[in-house]
Amino acid sequence: MARGFVTAEEVAKRAGVSRSAVSRTFTPGGSVSKAVRKKVLKAAQELGYRVNRLAQGLNNDRSNLIGVVGANLSSPFISKQLDALSLGLLRRGSQCLLLNAADARKDIAPLIELLFEFRAQAIVVLSGEPPASIVDECIANGVRLILINQSMDRTDTNVVLSDDSHGADLAAMRLRSAKCKKVAVVTSGSQTPAQIRRANAFTKRMESEGISVVSWSDGPTSYESGYQAGCELLKDKDIDGAFCVTDLLALGFLDAARLEMKRRVPQDLSIVGFDDIPQAGWKSYQLTTIAQSFDALTEKVLAALDSDEPETRLQVVPVSMVERTTAR
């Protein structure tokens, strides 16, 4: 049978020092003489000892773990977001504990309760809305709660939002400048808060411009849903523009337009997406889209973690138009 990890007691025995001396040696700022430190480090290297950071955090009643809860982790946007966030947390000296909410449906409370058991320092929610009781428990235990692109009727949480309304307005104005007469707005059946904000803002602006809008909403937020939307909507020959509220939907819609419905893009049909995922810039797509900075989003999450302000903070991530080749 494989043995367990080398313990601090074994290091202490090898070095001929006390267990507390080993602990102080591996505690930043710990008081220990140079001679004792040298003996402890030599013994630790010989034995292959590594500090148990989880136990160390629990002894302090607070770990350096940041819990991250999210679903649809294979989504290009979520995976890119996680890549930037986990790297940012690591550079901050924190560890990322990721919990997949795919099976939690709309109730993510059990996952957040699990993070309490790990004594998480803070919790970042990428998907789903935690119930009020969980928010109360976070506050009672001094656990900072940060919601990304979610909406919540509370005044005691930290929220980081992309500027969805402005982005949707940019998309609407881009399709208007393409002289579109009838446009589609494509969302998934998941109807996340961000998707709703984008679709509503886009529809409101287009209607104010006197441009007809057709809405489509079905399926998961996926390439396949976008493809289905393209096949169904583009039977209407009058539709000459489309705003897809995520790039993943837009890529599926674009392929359906070209491959199934034989529409020329952008000559016959202009398409605008949202997010600027890496695939949007691939040569085969060159999608015109609304970009939100992954680095800016991560910086605002880290700022919320480091803030001493107890009250809620709303931070907005700016967006910008990325011109490529799918809009006239």
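Residues numbered from 1 in each chain as written. Predicted model: local features only at pLDDT ≥ 70, side-chain atom pairs only at ≥ 80, totals over all residues. Heavy atoms only, no water.

1. Here's the deal with the state of the cysteines
By the definition in use, this model includes zero disulfides. Cys-96 carries a free sulfur, and the closest cysteine sulfur to it, the one in Cys-138, is 16 Å from it. Looking at the unpaired Cys-244, the closest cysteine sulfur is the one in Cys-180, lying at 12 Å. Overall, the relative accessible area of 0% leaves Cys-244 in the buried class. (Disulfide = S-S within 2.5 Å. Buried < 20%, exposed > 50% of the residue type's maximum accessible area, 1.4 Å probe, protein only.)

2. Some words on helix α6 (residues 109-117)
Every buried residue belonging to α6 is among Ala-109, Leu-111, Ile-112, Leu-115 and Phe-116, and all of these are buried. One side of α6 carries all its buried residues, which in axial view fall inside an arc of 165°. Residues of α6 that are buried in the fold lie against β1 (65-70), β2 (95-100), β3 (122-125) and α7 (132-140). Just beyond α6, the residue with positive phi is Arg-119, at close to 55°. (Helix = DSSP H or I, 4+ residues; strand = E, 2+ residues; numbered from the N terminus. Arc of directions from axis to C-beta. Contact = heavy atoms within 4.5 Å.)

3. A few points about the side chain of Thr-288
Its location among the elements puts Thr-288 in strand β10 (residues 288-292). Within the local environment of Thr-288, its side chain forms a polar contact with the backbone nitrogen of Arg-324, the two atoms lying 3.1 Å apart. With residues near it in sequence (within four places) discarded, Thr-288 still touches Ile-271, Val-272, Gly-273, Met-321, Val-322, Glu-323, Arg-324, Thr-325, Thr-326 and Ala-327. (Polar contact = N/O pair within 3.5 Å; in protein donor to acceptor, adjacent residues only side chain to side chain.)

4. Some details on the pairing of β10
Among the five residues that make up β10, five are buried, leaving the element largely enclosed by the rest of the structure. By the alternation rule, side chains of β10 split into Thr-288, Ile-290 and Gln-292 and Thr-289 and Ala-291, which are all buried. As defined by bridge partners, strand β9 (residues 270-275) adjoins β10 across four bridges and the pair is classed as parallel. Note that in β10 the partner of Asp-275 across the bridge is Ala-291. The pairing of β10 with strand β12 (residues 319-322) spans four bridges and is antiparallel. Along β12, the bridge assignment pairs Gln-292 with Val-319. (Pairing = 2+ DSSP bridges.)

5. A few points about a negative patch on the surface
A cluster of acidic residues, Asp-107, Glu-113, Glu-117 and Glu-137, forms a negative patch on the protein surface. Checked against the element boundaries, Glu-117 lands in helix α6. Overall, Glu-117 belongs to the exposed group, its relative accessible area being 57%. (Patch = residues over 30% accessible without salt bridge, like charges linked within 9 Å, V, L, I, M, F, W, Y side chains within 5 Å. Areas by Shrake-Rupley, 256 points an atom, 1.4 Å probe, with all protein chains shown as cover. Salt bridge = Lys/Arg side-chain N within 4 Å of Asp/Glu carboxyl O. Lys, Arg positive; Asp, Glu negative; His and termini not counted. Charge placed at Lys NZ, Arg CZ, Asp CG, Glu CD.)

6. Quick look at the sheet that holds β10
With respect to topology, six strands assemble into an open sheet ordered β7-β6-β8-β9-β10-β12, the strand pairing being mixed. Looking at which strands have only one partner, the edges of the open sheet turn out to be β7 (212-217) and β12. The mean angle between the axes of side-by-side strands here comes to 20°, regardless of whether they run parallel or antiparallel. In terms of strand pairing, strand β6 (residues 182-187) meets β7 through six bridges, oriented parallel. Note that in β7 the partner of Ala-184 across the bridge is Val-214. (Axes fitted to C-alpha atoms, helices over the stretch in contact; angles between N-to-C directions.)

7. Brief notes about the sheet that holds strand β11 (residues 313-317)
Pairing in this open sheet of six strands is parallel, and the strands run β2-β1-β3-β4-β5-β11 from one edge to the other. The open sheet has two edge strands, β2 and β11, and neither has a second partner. Each strand axis lies, on average, 20° off the axis of its neighbour in the sheet, ignoring direction.

8. Structural notes on the packing of aromatic side chains
One pass over the structure, following the stated rule, counts four aromatic pairs. Between the aromatic rings of Phe-77 and Phe-294, the centroid separation amounts to 5.2 Å while the plane-to-plane angle is 40°, which identifies the pairing as tilted. With a gap of 217 residues between them, Phe-77 in helix α5 (residues 76-92) and Phe-294 in helix α12 (residues 294-306) connect regions that are remote in the sequence. Ring centres 4.8 Å apart and planes at 35° place the aromatic pair Phe-202 and Phe-243 in the tilted group. Placement of Phe-202 in helix α9 (residues 193-208) and of Phe-243 in strand β8 (residues 241-244) is noted, with a sequence separation of 41 residues between them. Exposure class is identical for Phe-202 and Phe-243. Each is buried. The ring of Phe-274 has Arg-198 sitting right over it, with the charged end atom 3.7 Å from the ring centre. (Phe/Tyr/Trp six-rings, centres within 6.5 Å; stacked < 30°, edge-to-face > 60°. Lys NZ or Arg CZ within 6 Å of the ring centre and 35° of its normal.)

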